[in-house]
Every structure is written in structure tokens, then in C-alpha cells.
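Listed below, chain by chain, are the residues.
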Amino acid sequence: MSSSLAHTIKSRRTIHRFKTGEIPSVELIKLAIEHAIWAPNHHLSQPWQFYLLGPRTAELVCQLNAELVREKMGEKAAGIKLKRWREIPGWLVLCCDIAEDDIRKQEDYAACCCVAQNLSLYLWEEGVGMKWTTGTVTRDQRFYDIIGIDVQRQSIVGLFWYGFPAQIPQAERKPSADRLVILP
Ligand SMILES: Cc1cc2nc3c(=O)[nH]c(=O)nc-3n(C[C@H](O)[C@H](O)[C@H](O)COP(=O)(O)O)c2cc1C
């Protein structure tokens, strides 16, 4: 493994806070996707589908999320969340075609996760951070409706926020040796 790839893998972090007012270009996202889809994929089913959200669509997602927060935690919490979500610069949704066969479903989801990680690493090398979220809003039918996803045909792998990091958090992993069994 080249030292630069090793560095990218280890230094990438989930970004929760982005610089406001600066959005990575659509061209860069297209390039990242073009590279990301060179992920391993059994049967080459290529089950991934990306939806890049423009400001109007993102605003609808922000409002839906605020509504969900309002129902659970009240008006004040919803207002805070709405303000915070409106500051998120980039919005991308990754879906996976739903296969009929259970094994294929699992393999297709796995391939989409590889695509997601490729995407994340590519962008990280370009100075762009990402957050992969699978929060409540992504499981709401209204979210599917906003994006135009047919729930019978595609499942959501994740909602990805992206932008230039305002803050890079620390993260830790348990020693890998603890999770490795070497058999004779
Ligand atoms: C499938 C998946 C779903 C995730 N969903 C969320 C989420 O809803 N909210 C969140 O804050 N982070 C989410 N994350 C990011 C993880 O919290 C993050 O990867 C973990 O804390 C490790 O940090 P790192 O990515 O900086 O190494 C998700 C990650 C994956 C792979």
C-alpha cells in the first residue's frame, strides 16, 4: 500500500462541522463518484444510485427533519436543528437497487458501502469532508418522496453531508490485533 493511501485511510474522519458559504463544486462530486464506483461488486450488478440534492431539495429535507424533531422534542429544538441543517453545504444520497434474492441484496449493499468509502476517501484527499448519516429522517417515507425514490425499488444506504471541514474530530480504534484470529 502506498504511504499516501495509508495516510488517507487513517486520517479521514467523519466531519460534523463544515465551513459555511463554501460548497465543493459539482464537478468534483461527479469526479469522486466516477472513481468511487470502481468498488468491488459481485456479479457487477452496479446497484448504486446517487442523488445530488440542490438547495431547494435540501431545504425540504431540512424542514422535514425539523418537523420530526418538533414532534419529539418541541419547537425550540426544531428551530435549532433547522438552523444547523441549513448550514450544511453539500447533500448527497446514495441508494441501492433492491434485488429479489436475499444474498444478492446483502452483496449489493456491501458493494454500495465500498462505493461510499471510496467516495469518502477520494473527497478527503481533495480536502472535502463527509458525514454518512442514517438518521431518522432517512427512514421516513416523506424523505423518499422528496428525493423521488421508489421504496419498492431502492433502499437508502446513506445521506451524505459534505463540505470543507471546519473542525476535524479525533477518533480512536481498538487495536486491530484484538480483532484478528490467525488460524494455522
Ligand atoms: C452506515 C453508517 C451510518 C452512520 N450514521 C451516522 C449517523 O446517523 N450519525 C452520525 O453522527 N454518524 C454516523 N455515522 C458515522 C460514524 O458515527 C463514524 O464513522 C464513527 O463515529 C467513526 O468516526 P470516523 O468516521 O471519524 O472514523 C455512520 C457511519 C456509517 C458507516
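The model shown is predicted, which means the values in this text are computed figures rather than measured ones. Residue numbers restart at each chain and count upward from 1, following the sequence in its written direction. Whole-chain, interface and lining totals are the exception, using all residues; otherwise, since this is a predicted model, local features are given only for residues with pLDDT of at least 70 and side-chain atom pairs are given and counted only at 80 or more.

Q: Can you explain the overall build of the protein chain? Please cite residues and give values.
A: The helix and strand labels rest on DSSP assignments: H or I over at least four residues marks a helix, E over at least two residues marks a strand, and numbering proceeds from the N terminus. Helices and strands together make up the secondary structure of the protein chain, namely 6 helices and 4 strands. When the elements of the protein chain are put in sequence order from the N terminus, they spell out α-α-β-α-α-β-α-β-α-β. Taken over C-alpha atoms, the radius of gyration is set against a globule rule of 2.2 Å times the number of residues to the power 0.38. Over its C-alpha atoms the protein chain spans a radius of gyration of 18 Å, differing by no more than 12% from the 16 Å that the globule rule assigns to 184 residues. Structurally, the protein chain occupies a C-alpha span of about 60 × 40 × 35 Å along its principal axes. Within the protein chain, the proportion of its 184 residues that are buried is 24%. Labels follow a simple rule on C-beta atoms placed from the backbone: if 20 or more others lie within 10 Å of a residue's own, it is buried; if 12 or fewer, it is exposed; otherwise it is partly exposed.

Q: Kindly report on the site of the ligand, identifying the contributing residues and their values.
A: In this analysis, residues qualify as near a molecule or strand once their C-beta atom, positioned from backbone atoms, comes within 6 Å of it. Close to the ligand lie Arg13, Thr14, Trp132, Thr133, Thr134, Gly135, Gly158 and Ala171. Considering only residue class, the shell around the ligand consists of 2 nonpolar, 5 polar and 1 charged. Residues are sorted three ways: Asp, Glu, Lys and Arg are charged, Ala, Val, Leu, Ile, Met, Phe, Trp, Tyr, Cys and Pro are nonpolar, and all the rest, Gly among them, are polar.

Q: Provide a residue-level description of the nonpolar core, including the pertinent values.
A: One finds Leu94, Cys112, Val115 and Leu123 to be the most contacted residues of the largest nonpolar core, which totals 35 residues. Counting residues per element, the ones that place at least two in this core are α2 (26-36), α3 (55-73), β2 (90-97), α5 (102-125), α6 (141-147) and β4 (154-163). Tallying contributions element by element places α5 first for this core, with 8 residues. Two residues qualify as being in contact provided that their C-beta atoms, derived from the backbone, are within 7 Å of each other. Contacts of Leu94, omitting those with residues within four sequence positions, involve Trp48, Phe50, Cys112, Val115, Ala116, Val157, Gly158 and Phe160. To count as a nonpolar core, a set of buried Ala, Val, Leu, Ile, Met, Phe, Trp, Tyr and Cys residues must be joined through C-beta atoms within 7 Å.

Q: Help me get a handle on unusual backbone geometry, residues and values and all.
A: Of note in the backbone geometry, His43 takes a positive phi value of approximately 65 degrees without being a glycine. Position of His43 relative to the elements: it lies in the loop between α2 and β1 (48-52). Note on His43: 11 C-beta atoms within 10 Å, which makes it exposed. The phi torsion at Gln46 lies on the positive side, around 45 degrees, for a residue other than glycine. Relative to the helices and strands, Gln46 resides in the loop between α2 and β1. Note on Gln46: 14 C-beta atoms within 10 Å, which makes it partly exposed.

Q: Describe the environment of Leu123, listing the residues and the values that go with them.
A: Here Leu123 shows up in helix α5. With 27 C-beta atoms packed within 10 Å, Leu123 lands in the buried category. Non-local contacts of Leu123, meaning those with residues more than four positions away in its chain, are made with Ala32, Val128, Met130 and Tyr162.

Q: Quick rundown of the sheet that holds β2? Include the residues and the values.
A: Any two strands are treated as partners once DSSP identifies two or more bridges connecting them. The 4 strands lie next to each other as β1-β2-β4-β3, forming an open sheet whose pairing is antiparallel. This sheet does not close on itself; its edge strands, each paired only once, are β1 and β3 (129-133). In this sheet, adjacent strand axes meet at a mean angle of 25 degrees when their direction is disregarded. For helices, the fitted line uses only the C-alpha atoms of the stretch in contact; every axis is such a line through C-alpha atoms, and the angle between N-to-C directions lies from 0 to 180 degrees.

Q: Quick rundown of α3? Include the residues and the values.
A: What a helix is expected to span follows from its residue count: subtract one and scale by 1.5 Å. In this model α3 runs 26 Å from its N-terminal to its C-terminal C-alpha over 19 residues, within 8% of the 27 Å that 1.5 Å per residue would give. For α3, every residue scored as buried is listed here: Val61, Cys62, Asn65, Ala66 and Val69. Down the axis of α3, the buried set is contained in an arc of 140 degrees. They therefore lie on one face. Away from its buried face, by an angle of more than 90 degrees, α3 presents the exposed residues Arg56 and Glu71. Turning to α3, the residues buried within the fold contact α4 (75-86), β2 and α6. Phi turns positive, to about 95 degrees, at Gly74, one or two residues after α3. Think of the arc as the fan of directions from the helix axis to the C-beta atoms.

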